[in-house]
Amino acid sequence: MSPEPRRRHVLAAAGALTLGAGAASCGPRPEPELPDVPDITLPTYQPLEGLAPDLVGNADGLHDAYLTVPEQLISTTSGRPITSGTISGLTQTFQTPPPPMDRNPYWKRLNSAMGGVLDLDVVVDDYPSKFATTLASGNLPDLMWVPPNQGIPNIGPMLDAAFTDLTDYLAGDAVLEYPNLAALRQDSWRTAVVNGRIWGAPIPSTPFGQVYVGNPEVWQEVDGFTAESAAQFLEKCQELSIPGKRWALEPFLPNAFHMIGEWFGVPNGYRVEEDRSLTAAQQTDEYLETLEFARELFAAGAFYPDLNLAEAPQLLTNGTLAAMVSVGPRGAAETRLNNPDLLGDILIPFPAVDGRIPTYDMGYGTVGFTPFRKTADEARIRELLSVVDYLSAPFGTTEYMQVNWGTEGKEYTVEDGNYVFTEAGAQNVPGLQSALQIMAAGEGVIYNPIPEDTRYIYECEQELLPLAQKSPIKGLYSPTNSRLGTKIKTRLDEARDEAIQGRGTIDDFKAALRDWEEKGGKQILEEFSELLPDDVPVTPSNRV
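Just so you know, these numbers come straight off a predicted model, no measurement behind them.

Reading the values: the criteria
Residues numbered from 1 in each chain as written. Predicted model: local features only at pLDDT ≥ 70, side-chain atom pairs only at ≥ 80, totals over all residues. Heavy atoms only, no water. Helix = DSSP H or I, 4+ residues; strand = E, 2+ residues; numbered from the N terminus. Rg over C-alpha atoms; globule rule 2.2 N^0.38 Å. Buried < 20%, exposed > 50% of the residue type's maximum accessible area, 1.4 Å probe, protein only. Contact = heavy atoms within 4.5 Å. Areas by Shrake-Rupley, 256 points an atom, 1.4 Å probe, with all protein chains shown as cover. Lys, Arg positive; Asp, Glu negative; His and termini not counted. Charge placed at Lys NZ, Arg CZ, Asp CG, Glu CD. Core = buried A, V, L, I, M, F, W, Y, C linked by side-chain atoms within 4.5 Å. Pairing = 2+ DSSP bridges. Axes fitted to C-alpha atoms, helices over the stretch in contact; angles between N-to-C directions. Parallel < 35°, antiparallel > 145°, perpendicular 65-115°, else oblique. Left-handed = near helix turned anticlockwise from the far one by under 90°. Nonpolar A, V, L, I, M, F, W, Y, C, P; charged D, E, K, R; others polar. Salt bridge = Lys/Arg side-chain N within 4 Å of Asp/Glu carboxyl O. Disulfide = S-S within 2.5 Å.

Trainee: Talk me through the overall build of the protein chain; I want residue IDs and the actual numbers.
Mentor: Along its length, the protein chain carries 20 helices and 19 strands. Rg of the C-alpha trace for the protein chain: 23 Å, near the compact-globule value of 24 Å for 544 residues, within the 12% margin. Overall size of the protein chain, expressed as C-alpha extent along the three principal axes, is 65 × 60 × 40 Å. Here the protein chain holds 544 residues, and the buried ones make up 56% of them. Intrachain contacts of the protein chain at a sequence separation of at least 6 include 80% that bridge at least 24 residues. Accessible surface, the protein chain: about 23,000 Å² in total, of which carbon and sulfur atoms supply 48%. Averaging the coordinates of the 40 positive side-chain charges in the protein chain and doing the same for the 75 negative ones gives two points 5 Å apart.

This is the structure we're talking about:
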C-alpha cells in the first residue's frame with residue numbers, strides 16, 4: 001500500500017486555504033446567508049467484484065486487509081480515459097518533487113496507459129497561495145484539488161462560480177457508470193457535498209481517528225499499555241517516569257487532550273441532543289473533567305518538558321517517550337521506521353471513571369475532493385469523470401498499480417510477497433504518486449510488508465469500532481464557522497492549554513468559553529443544527 005499524505009499536512013493546507021481563498025477577491029463581502037440546502041441522493045455504493053482481501057472489511061469503516069500482495073490483479077476500466085489529448089490539473093506533493101514529465105519514464109508510461117497527457121502543476125510548498133492566485137486569474141486547470149472543507153470561506157459561492165456541478169452525473173445510480181467511483185463509501189461522498197450538490201469525487205483517507213501508540217518494551221514494566229481508569233493511567237505514567245531520562249507522554253497538548261477526552265466520553269466535536277440541537281464538545285461536563293485530569297497529568301510530570309518537541313517518533317522508539325499520538329491505528333507499524341524490530345502498541349479507550357462509557361472519535365475520512373473547471377460540455381465532463389475514475393482504482397487492480405507503482409520490472413518488482421521499488425522507481429514514482437493520491441484515490445486497505453503488523457492493525461480497528469463516534473457535522477457548511485470559527489476557537493484552545501500547564505485556571509477557561517459563545521459560537525451551533533441531516537443520530541449516552 002502506498003503511503004497516504006499525513007493528515008497534519010493536509011489540514012495545514014486546508015487551514016491556510018481559509019486565508020488564501022479569501023485573498024482571491026478584493027473589497028467588502030456581504031454577510032453570507034445560510035443557504036437553502038436541497039436534499040441530496042448520495043452516489044450508490046457498489047463494491048467491486050473480484051477483489052480478494054485476506055481479512056474482509058465492512059461498511060462501518062473496517063478496512064480490507066492483505067497479508068501479502070494479490071496474486072492476480074483485476075481490471076476495473078475499459079479503454080483509455082483521456083480522449084482529448086491533454087488533461088491539466090493543480091495538485092500538491094508531500095514527497096520530494098518528481099522529475100519533470102519529459103525526464104520521468106514512469107510519468108510517460110502512465111500517460112500512455114491513460115491515452116493522453118496528464119499535465120500536472122505539482123506544488124511543493126504553499127498550496128493555498130497557488131490555489132488562490134490560480135482561482136483569481138480565472139485561468140483554471142481541468143482538475144483542481146480542494147482540501148477538506150473545514151473552514152474554507154465562502155466555499156459554496158466559490159464552487160458555484162468556478163466549478164462544475166456534478167450532481168446529475170454522480171447522484172444515485174448515475175455513478176454506476178464509473179465503477180471505481182461507485183466503490184467509494186457514502187460516508188466519503190458526504191465530504192464532497194456542499195450546499196446539497198456534489199462537486200467532485202472525494203479522496204478517501206483512513207476513516208479512523210487518532211490513537212495513542214506506545215512502546216511495548218517500556219509499558220511492559222507496568223503490565224502493559226492498558227488501564228482500567230484514568231487514575232490507574234496516571235499511576236502508570238508516574239511509575240514509568242524517570243526524571244530527566246524518560247517521560248510517559250509526548251508534549252503536544254491538543255492531541256493528548258483529545259485522547260484523554262475519549263476516556264471521559266467527550267463527544268466527537270458536537271453532541272446531538274434529543275431536540276436536534278447541538279452542544280459543542282467544549283460546553284460539556286465531560287470536557288471539564290478531561291481538563292481537570294489533564295492538569296493532574298501535567299503537574300505529575302507525565303509530559304516531555306519541551307512542548308515544541310519535533311523528534312517524538314525517534315524518542316518513542318528509543319524509550320525516552322513511552323507513548324505518542326498517531327494519526328490512526330496504522331501508526332503502530334510506523335515505529336519500524338526507526339526500529340525495524342519494534343511494533344507499537346495501540347491504547348484502546350477505557351472508562352476514565354466508574355460508570356462511564358468511553359468513545360473513539362472517527363476521523364474526517366477524506367483529504368478533500370477534486371472539482372472540475374466550470375463547463376457545460378457534457379463530453380468533457382464525462383472524460384474528466386473517466387480520468388478520475390481511473391485514478392480512483394483501489395489496491396488489487398491493474399489501474400492502481402499503474403498509478404501508484406508503475407510498471408513491473410521497470411519501477412517495481414515483487415519480492416517475498418511484497419512490492420519493492422526498483423532504483424528507478426524510488427526516484428521517479430513517490431513525488432508524483434503523492435500528487436496523484438491527493439487528487440483521487442480508492443478506499444484504503446491495510447497492507448504492510450510484515451503480515452503480523454497488518455493483522456494487529458486490523459484487530460485494533462475491530463476493537464475500536466464499537467466505541468466509534470462520527471462527527472455529526474461532516475460535510476456541513478456554516479457561514480459563521482467559515483468566517484470566524486478558527487479565530488474564536490484559537491483563543492479558547494489557548495485557554496485550555498494554559499489551564500493544563502497551570503498557567504491558567506479552570507475559571508479562566510470557562511470565561512474564554514463564554515467569550516467563544518458570544519462572539520459566534522452559539523451562531524455556529526444554530527447554523528449547523530439547522531442543516532443537520534435526519535439520518536444523523538442523537539448522540540448516545542456515555543453513562544452505563
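Trainee: Explain the nonpolar core residue by residue, including any values.
Mentor: Soluble globular proteins tend to bury their nonpolar side chains together. Formed by 62 residues in total, the largest nonpolar core has its most connected members in Leu170, Leu181, Trp189, Leu385 and Leu436. Here the element with the most residues in this core is helix 14 (residues 378-391); it accounts for seven residues. Not counting chain neighbours up to four residues away, the residues in contact with leucine 170 comprise Pro43, Val175, Leu181, Trp189, Ile198 and Leu385. Tyr287, Ala322, Leu476 and Ile524 belong to the second-largest nonpolar core, a separate cluster that totals 57 residues.

Trainee: Outline the pairing of strand 15 (residues 366-370), supporting the account with residue identities and numerical values.
Mentor: Burial of strand 15 is extensive: five of the five residues sit out of reach of the surface. Here three bridges tie strand 7 (residues 201-204) to strand 15, and the two strands are oriented antiparallel to one another. Bridging from a neighbouring strand, proline 204 pairs with threonine 366 of strand 15.

Trainee: An account of the packing of helix 10 (residues 253-264) against helix 11 (residues 285-299) is requested, with residue identities and associated values reported.
Mentor: Close contact between helix 10 and helix 11 brings their axes to 9 Å; oriented N to C, the two are set at 125°. By the angle between their directions, the pair helix 10 and helix 11 is classed as oblique. When the axes of helix 10 and helix 11 are compared, the crossing they make is right-handed. Two secondary-structure elements touch here, helix 10 through Leu253, Phe257, Ile260, Gly261, Trp263 and Phe264 and helix 11 through Glu286, Tyr287, Glu289, Thr290, Leu291, Phe293, Ala294, Leu297 and Phe298. Taken together, the residues of the contact of helix 10 with helix 11 break down into eleven nonpolar, two polar and two charged.

Trainee: With reference to specific residues and values, describe the sheet that holds strand 3 (residues 117-123).
Mentor: Within a sheet, each strand pairs with its neighbour through backbone hydrogen bonds, oriented either parallel or antiparallel. In spatial order, the strands read 3-2-4; together these three strands make up an open sheet with parallel pairing. Edge positions in the open sheet fall to strand 3 and strand 4 (143-144), since each of these has one partner strand only. Relative to strand 3, strand 2 (residues 86-92) runs parallel, the two being bridged by seven bridges. Along strand 3, the bridge assignment pairs glutamine 92 with valine 123. Packing of helix 3 (residues 127-137) onto the sheet brings it into contact with strand 2, strand 3 and strand 4, and relative to strand 2 it is tilted by some 140°. Strands strand 2 and strand 4 of the sheet are contacted by helix 14, whose axis makes an angle of about 55° with strand 2.

Trainee: Quick one: what's the story with the pattern of salt bridges, residue by residue and with numbers?
Mentor: Using the criterion set out here, one finds 25 salt bridges in the structure. A salt bridge links arginine 380 to glutamate 383, with the nearest nitrogen and oxygen atoms 3.0 Å apart. With arginine 380 and glutamate 383 both in helix 14 and three residues apart, the pair spans about one turn of that helix. An identical accessibility class is assigned to arginine 380 and glutamate 383; each is buried.

Trainee: With reference to specific residues and values, describe the sheet that holds strand 13 (residues 345-346).
Mentor: On the basis of which strands lie adjacent, the open sheet formed by four strands has the order 9-12-8-13 and mixed pairing. With one partner strand each, in any of the chains shown, strand 9 (247-249) and strand 13 form the two edges of the open sheet. Sheet strands touched by helix 10: strand 8 (211-214) and strand 12 (321-326). Its angle to strand 8, the strand with the most contacts, is close to 105°.

Trainee: Give me the lowdown on the state of the cysteines, citing residues and values where you can.
Mentor: Taken as a whole and judged by the stated rule, the model has zero disulfides. Looking at cysteine 237, it has no disulfide partner, and the nearest cysteine sulfur is the one in cysteine 460, 19 Å off.

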